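Here is what each chain is made of, one letter per residue.
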Amino acid sequence: MSGTVPRQGAETAEHADGPGVGPGATDGARQYHLPTAATAALGLLLLAEVVLLCGGLLSLWPILLALVAPGTDVTSTVRWSLLGLGEWALTADVAMLLAVILCSALGSFVHAATSFATYVGNRRLYASWLWWYLLRAGIGVALALLVYLLLRGGLFAGSSGAGATNPYGFSGIAGLCGLFSKQATDKLREICDTILSTKGDGDRDRRDKLAAVQNGGVQNGAVQNRDPDPAAP
């Protein structure tokens, strides 16, 4: 969440980027605090998440740098294990994708952990926001992967060229996507509007054509009670 920390005892709190709707919310829905046991379990889950992510990133980073080093064969592979949980043969592209996933999940952790600490400290952590914390990392990872693919495809200005495989830059952007998912979503919407821009209003044009068909049927003395069949003669 971003923004100021809500005051203890306040009737409502800002919740655009995290939990905080209190009993005085205007929608009239009753809010229930997350039980103490569930709060402790969620906190331990966040702690385990950051340990796993940092451990995985520390073990992956030297391998990634070796694979993307100048002069390295793009088909070369290196064996890698995530904290002893099995081994995988990584190419440079796969290692970069893993780094993007880990860094974006780390950024999502910063967001979720800050929100968690704030609302637990203010005793305003509600059960209705549990899934927000559970899905936060997945949302950040998905957004970061989309942005990474767009960057590698050169759809962002200045993203192509020799420096387009810089692991530091991609990992940093992935972390920011996880931390600021709303801004990343807005950027993707901007790209989509640019690529898929059309002339005119498709919905309005379809409504105009449908109205013309219906008006033509009325003028001919027959009112159409069903959708026009494009295969009809």
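Attention in this report is confined to the structure presented alongside it. Bear in mind that the values here come from a model prediction, so they are computed numbers and not experimental data.

1. Side note on the overall build of the protein
In step 1: What the protein contains, in helices and strands, is 6 helices and 2 strands.
In step 2: Secondary structure elements in the protein, listed N-terminal to C-terminal, are α-β-β-α-α-α-α-α.
In step 3: Burial status across the protein gives 33% buried among its 233 residues.
In step 4: Relative to all contacts within the protein whose residues are 6 or more apart in sequence, the contacts with residues 24 or more apart total 69%.
In step 5: Surface exposure of the protein reaches about 14,400 Å², of which carbon and sulfur atoms provide 62%.

2. With respect to the nonpolar core
Across soluble globular proteins, nonpolar side chains have a tendency to be buried as a group.
In step 1: Counting 31 residues, the largest nonpolar core has Leu60, Leu64, Leu67, Trp80, Leu90 and Ala95 as its most contacted members.
In step 2: At the level of elements, helix H1 (36–67), helix H2 (92–121), helix H3 (130–152), helix H4 (167–179) and helix H5 (181–195) are the ones that each hand at least two residues to this core.
In step 3: A total of 8 residues in this core trace back to one element, the largest contributor, which is H2.
In step 4: Not counting the four nearest positions on each side in its chain, Leu90 is found in contact with Leu60, Leu67, Ser76, Thr77, Val78, Trp80, Ala95 and Leu98.
In step 5: Core analysis: the next-biggest nonpolar cluster, separate from the first, contains 12 residues, Leu34, Phe109, Phe116 and Tyr133 among them.

3. Here we look at the packing of H1 against H4
In step 1: Direction vectors running N to C along H1 and H4 enclose 135°, while the axes themselves pass 11 Å from each other. Here H1 is positioned oblique relative to H4, judged by the angle of their axes. Judged by residue contacts, Trp61, Leu64 and Leu65 of H1 engage Pro167, Tyr168 and Ser171 from H4.
In step 2: The residue makeup of the contact of H1 with H4, split by class, is 5 nonpolar, 1 polar and no charged.

4. Overview of a nonpolar patch on the surface
In step 1: A cluster of nonpolar side chains, Leu45, Trp131, Leu134, Leu135 and Ile139, forms an exposed patch at the surface whose accessible area comes to about 510 Å².
In step 2: Looking at the nonpolar patch, the element that brings in the most residues is H3, giving 4 residues.
In step 3: Mapped onto the elements, Leu134 comes out in helix H3.

5. Quick look at the state of the cysteines
In step 1: Tallied over the entire structure, the rule returns 0 disulfides.
In step 2: For the unlinked cysteine Cys103, the closest cysteine sulfur is that of Cys54, found at 9.7 Å.

6. Topic: the pattern of salt bridges
In step 1: Evaluated as defined, the whole model comprises 5 salt bridges.
In step 2: For Asp93, the salt bridge identified is with Arg152, shortest N-O distance 3.8 Å. In this pair, Asp93 is assigned in helix H2 and Arg152 in helix H3, connecting sequence segments 59 residues apart.
In step 3: The partly exposed category is assigned to Asp93, whose relative accessible area is 46%.
In step 4: Judged by relative accessible area, which is 36%, Arg152 ranks as partly exposed.
In step 5: The partner of Asp186 in a salt bridge is Lys182, with the nearest N and O atoms 3.4 Å apart. On the criterion of helical spacing, the pair formed by Asp186 and Lys182 is a turn pair, its members being 4 residues apart in helix H5.
In step 6: A residue is classified by how much of its surface remains accessible, and Asp186, at 32% relative accessible area, is partly exposed.
In step 7: Take Lys182: its relative accessible area is 51%, and that puts it in the exposed class.
In step 8: Through salt bridges with shared partners, a single ionic network connects Lys182, Asp186 and Arg189.

Cut-off values and rules
Residues numbered from 1 in each chain as written. Predicted model: local features only at pLDDT ≥ 70, side-chain atom pairs only at ≥ 80, totals over all residues. Heavy atoms only, no water. Helix = DSSP H or I, 4+ residues; strand = E, 2+ residues; numbered from the N terminus. Buried < 20%, exposed > 50% of the residue type's maximum accessible area, 1.4 Å probe, protein only. Contact = heavy atoms within 4.5 Å. Areas by Shrake-Rupley, 256 points an atom, 1.4 Å probe, with all protein chains shown as cover. Core = buried A, V, L, I, M, F, W, Y, C linked by side-chain atoms within 4.5 Å. Axes fitted to C-alpha atoms, helices over the stretch in contact; angles between N-to-C directions. Parallel < 35°, antiparallel > 145°, perpendicular 65-115°, else oblique. Nonpolar A, V, L, I, M, F, W, Y, C, P; charged D, E, K, R; others polar. Patch = residues over 30% accessible without salt bridge, like charges linked within 9 Å, V, L, I, M, F, W, Y side chains within 5 Å. Salt bridge = Lys/Arg side-chain N within 4 Å of Asp/Glu carboxyl O. Disulfide = S-S within 2.5 Å.

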